[in-house]
Structures are given as structure tokens and as C-alpha cells.
Amino acid sequence: MATDLTAPRTAVAPDVASIQRRTLRLLFTTQIIGGIGVTIGIAVGALLAARIAGTAVAGVAQSAGVVGAALLAVPVTRIMARHGRRPGLVLAYAVGAVGGVLVVLAAATRWVPLLFLGMLLFGGGTAANLQARYTAVDLAEPARRGRQLSLIVWATTIGAVAAPNFAALADRVTTGWGLPPLAGPFAFSAAAFVLAAVVLLGLLRPDPLLTARRLAAAEATAADLPPAADATATAVAAEAPAAGGGATPAAAPVGVRAPRGAGMRAAWSVVRGQPAARLGIAAVAVGHLVMVAVMAMTPVRLGESHADADVLRLVGIVLSLHIAGMYAFSPVVGWLTDRLGRRAVILGGVGLLLAACAVAGTAGHHTPRLSVGLVLLGLGWSATMVAGSTLLSESVAAEVRPSVQGLSDLIMGLAGAGAAVVSGFVMQFAGYPVLTLLAAVAAAPLVALALRPVPTGAPDEEG
């Protein structure tokens, strides 16, 4: 199928619904495969780093994967902006596979710099998983964008649940092959990333982003508008009530040209001029920051009041409940995002984050109450992630959409990495209750941003 933006108006229109169904099925499958690869590495990464480099730098090695995912979002989305989703996703998974191989070599040679480089590149798998959620909404109907994005987020749950079992199996198998202990799971991660890349390379056709651009150009030409106008995007600056009490995004100003270029500078320019895009990025970043800050120190909190023999078991239970809150209910969150509106769900997510900080921060050494707080934390993250990502995707033109989404993932990743580092110092010098209080303070400004009245005029008139 042709994806050239200069295709004549008489070209046969693609079956968008069929392409979207095929794309969703493919992304759901690769998200499971990629999720297994990412979670296997996360499950044993800190232990492997502690054995190679020492316990003191184990957390830094884990953070390298987070930073890698954030930094890789820049080149990956640049490729997407120029050539479509398929080559960008394939590159991200390929880089993650190279990282997994380097970690295996680092385990065999016990060379610490190679370990850090491997963990940095291993973040490519996470970058691909994050970008997949945006790919799901390129051709989605406006009234179903939240649900279809959340479906891809939910697929991560399957990989996250299955991965620990694969990690143990991989370690047993590869130890017999002569690999060092804990290195085998990264070899399996690399294989999973390669499989996901091959599937996407062969089957993600036609490319959903290029198809969306072609349709936007055709509609703009039919309406005698500049081709840069994205007729498929919608601005949610003004949400009008829909039938049944929900909210439906209002149509975007279709005569607005996207800036020249598709890099981070153009993305930042677009975000500065579009309040809805700013809110989407802020919701994703703040939700991730609060979640990482509190979640990262919860195992330490449990270790303060339980014997070593019980800590790992309790950490596994509490974090499993937390992950369930993050992913298991994302389809419901997506449905609410389409039904109630993006801003309403973002506000609900902030409320859940604040409640989580209050419950976890006042739980003391009561593990069941702490578990409730971590579930609320996961639900709040899910709401801000799904609603914020949906709002961001439909608020900008197709020409710069991948770059804006990459900017969002970059900010989100750096916010999470910074939160992980700072939370350790706060925990050491002030304690867990103060940490949760500071996390709540960080989330509070998002309420004001979400409640801020938004002009309904074109972006160039908003001042």
C-alpha cells in the first residue's frame, strides 16, 4: 500500500478499521514478548550488578536502564518521524538485544564498565514497549483512543507476570551451558527482543503512522487546506459533553501548520504552544515520578521491620500487588478516559496518587496497609499514564507527533531516574513518611494544571 504523502486524490482509500485491528493484534503480541524480555532483566539486574560491582552501585546499574530508555527515545522517535513506526520500534528492540548480550559478556568477564554500557542499551526494550502504546492510537477512532492505548499497556501485565518464571528457567538452562549465574536471563531477554523486532519488521505493514499521515494529507487536500494540517488529530483543549454523560474531544484547528523539522526542538515548540499537550506530558511525567519515588523505597521500608528471611517474600507480594494496580485495570482506565474525558481521569489519577502517599506514609510497619497504598499508587500511575498519553497523542499534528511523544518519554524517564536517586537520600536522612509527603507535594501542582481553563482558539491565538 502506498504511503507517499503526495499520492493522488484518486488513490484507493485504505481500510482503516482493518489496518487498526491488525495493528492492535500485532502490538499486543509483541508487547507480551517484549515485556517478558524487559521484566526478566529487571528481575535479576540488581542481583547481577551487586555480584559484579558491589551492592553500593547495584541501584545505579538499574538506573542506567531507565536512563537508557529515556535517552533512546530521542533517536527512535526521530526515525519514526521520518520513516514511520516500524523502523523505530525495530531499532529500539535491536538496541535492547545488543544491551542484553553485553550484560552477558560483562557477567562472564566481570568488567563493570561493560555492565553499565549493557544496562544502558538494555533500556531499548523499555523504549520500544513505551512507544508501542502510541502506535496503537495512530489510526484509532477518537472515541476509542483511550481504550485501544490502554489495551497495549495492559498486555505488559502478561509479560510481567510470566517473566519471573522465565528468569528462573533461563538461569538453570544457561548455567548448564557454561554461562555465569544470573547471566542467562539476559541472554533470554536478548532473544525475546530479537523475536519482537523480527515480527514487527515483517508484519507491521502498512505502517500506521504513515497511513495516518496519508489520510490527513488527503483530507486536507480535499478541503483545500495546507497538507501539514492533521485532520485526524483532535485537540482536547475543549471537551464537549457527549451522549451518555461522557466527554468527547473537540475538533482540532485544522488550518495550523506544524513547524518545520521533526526533532526535539520542533517538539518543544509545539508543546509550548499547545496547553493540552503540556498537560499530557505533565501528567505522564508527574505520575511516573511519584510512582518511582515511593515504590523504589518500599522494599527498604519493609526491611526496617521484618527479618531477612521474610523480607523477600513480603517484597514479592507487595510489589506484585503494585504491578497489578499499574497494569491489570488499564482497560477500565482506558474506557473511563473515553467515557469521562482525559482531564477527568488525570484528576482522578492525581487523587489516587495523593491517597496512596497518605496511606503508605501513615502505614507505619503495618504491611497490609502499606500494600493498599502501593495498589493505589499503581492505579494512580495507570490513570495518569493512559489519560495523559491519549491526550498528548491527539493534541498535536501527525508531522511532529512522534517527536512530541519521544519528548514525553524522555522527560518521563529522566523524572523517574531522578526520583529513584533522590528517594534514597530522602529515605536515609528523613525516612519513608517524609518521602511520601514530598511525593504528594510534587503531584499537587498537576491538579491546578488540569483545572486551568483552556482557550478554545487556534494555537497561534492563545498567546
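Worth saying up front: this structure is predicted, and the values here are computed from it rather than measured.

**What about the overall build of the protein chain?**
Looking only at helices and strands, the protein chain features 16 helices and two strands. For the protein chain, buried positions account for 54% of its 463 residues. Here the analysis covers contacts within the protein chain between residues at least 6 apart in sequence; of these, 81% occur between residues at least 24 apart. Only carbon and sulfur atoms are counted for the fraction: they give 69% of the accessible area of the protein chain, which is about 18,600 Å².

**Some points on the side chain of Ser393**
With respect to the helices and strands, Ser393 occurs in helix H13 (residues 367–393). Owing to a relative accessible area of 4%, Ser393 belongs among the buried residues under this scheme. At 2.9 Å, the side chain of Ser393 and the backbone oxygen of Ser389 are in polar contact. Look past the residues within four positions of Ser393 in its chain and what remains in contact with it is Tyr134, Val137, Arg401 and Gln405.

**Some words on the pattern of salt bridges**
Inspection of every chain in the model, using the stated rule, returns seven salt bridges. In this structure, Asp138 and Arg85 form a salt bridge, with 2.7 Å as the shortest nitrogen-oxygen distance. With Asp138 in the loop between helix H4 (112–135) and helix H5 (145–176) and Arg85 in helix H3 (residues 85–109), the pair connects residues that are 53 residues apart, well separated along the chain. This pair shows no difference in class: Asp138 is buried, exactly as Arg85 is. Taken together, the shared-partner salt bridges in this structure form one network comprising Arg145, Arg147, Asp338, Arg342 and Glu394.

**Here's the deal with the side chain of Ser423**
Along the chain, Ser423 turns up in helix H14 (residues 401–429). Owing to a relative accessible area of 2%, Ser423 belongs among the buried residues under this scheme. Other than its neighbours up to four places away in sequence, Ser423 contacts Ala293, Ala296, Met297 and Leu435.

**A look at the packing of helix H9 (residues 275–303) against helix H15 (residues 432–443)**
Direction vectors running N to C along H9 and H15 enclose 175°, while the axes themselves pass 9 Å from each other. Judged by the angle between their axes, H9 and H15 are roughly antiparallel. For the pair H9 and H15, contact is made by Val286, Leu289, Val290, Ala293, Val294, Met297, Thr298 and Arg301 and by Tyr432, Pro433, Leu435, Thr436, Ala439, Ala442 and Ala443, respectively. When grouped by side-chain class, the residues that make up the contact of H9 with H15 number 12 nonpolar, two polar and one charged.

**Brief notes about the nonpolar core**
The biggest cluster of nonpolar side chains holds 51 residues, and the ones touching the most others in it are Val290, Ile346, Leu370, Leu377, Tyr432 and Leu446. Residue assignment for this core shows that the elements contributing at least two residues are H5, H9, helix H10 (308–328), helix H12 (342–361), H13, H14, H15 and helix H16 (445–451). Of the residues forming this core, the biggest block, 13 residues, is contributed by H9. Not counting chain neighbours up to four residues away, the residues in contact with Leu377 comprise Val290, Met291, Val294, Met295, His322, Leu353 and Ala356. Ranked by size, the runner-up nonpolar core spans 46 residues in total, among them Ala49, Leu114, Ala128 and Ala183.

**What about helix H8 (residues 264–273)?**
For H8, the full list of buried residues reads Met264, Ala266, Ala267, Val270 and Val271. The buried side chains of H8 occupy one side of the element, clustering within an arc of 160° when seen end-on. Opposite the buried face of H8, by more than 90 degrees, sit the exposed residues Arg265 and Arg272.

**Concerning the environment of Gly373**
Structurally, Gly373 is set in helix H13. The spatial distance from the C-alpha of Gly373 to the C-alpha of Ala358 is 7.8 Å, given a sequence separation of 15 residues. Not counting the four nearest positions on each side in its chain, Gly373 is found in contact with Ala356, Val359 and Ala360.

**A short note on helix H6 (residues 184–203)**
Taking 1.5 Å of rise per residue, the 20 residues of H6 would be expected to cover 28 Å, and the 29 Å separating its terminal C-alpha atoms lies within 8% of that figure. Of the residues making up H6, those classed as buried are Gly184, Pro185, Phe186, Ser189, Ala190, Ala192, Phe193, Ala196, Ala197 and Leu200.

**Digging into the confidence of the model for the protein chain**
Averaged over all residues, the pLDDT of the protein chain is 82; the fraction at 70 or higher stands at 81%. Within the protein chain, no element has a lower average pLDDT than strand E1 (residues 234–241), which sits at 38, and none a higher one than H12, at 96. The model gives residues 1–12 a pLDDT under 50, and that stretch makes 16 contacts with residues more than four places away or in other chains. pLDDT under 50 marks residues 456–463. Its contacts with residues more than four places away, or in other chains, come to 12 contacts.

What counts, and at which threshold
- Residues numbered from 1 in each chain as written.
- Predicted model: local features only at pLDDT ≥ 70, side-chain atom pairs only at ≥ 80, totals over all residues.
- Heavy atoms only, no water.
- Helix = DSSP H or I, 4+ residues; strand = E, 2+ residues; numbered from the N terminus.
- Buried < 20%, exposed > 50% of the residue type's maximum accessible area, 1.4 Å probe, protein only.
- Contact = heavy atoms within 4.5 Å.
- Areas by Shrake-Rupley, 256 points an atom, 1.4 Å probe, with all protein chains shown as cover.
- Polar contact = N/O pair within 3.5 Å; in protein donor to acceptor, adjacent residues only side chain to side chain.
- Salt bridge = Lys/Arg side-chain N within 4 Å of Asp/Glu carboxyl O.
- Axes fitted to C-alpha atoms, helices over the stretch in contact; angles between N-to-C directions.
- Parallel < 35°, antiparallel > 145°, perpendicular 65-115°, else oblique.
- Nonpolar A, V, L, I, M, F, W, Y, C, P; charged D, E, K, R; others polar.
- Core = buried A, V, L, I, M, F, W, Y, C linked by side-chain atoms within 4.5 Å.
- Arc of directions from axis to C-beta.
- Expected span 1.5 Å × (residues − 1).
- pLDDT = per-residue confidence, 0-100.

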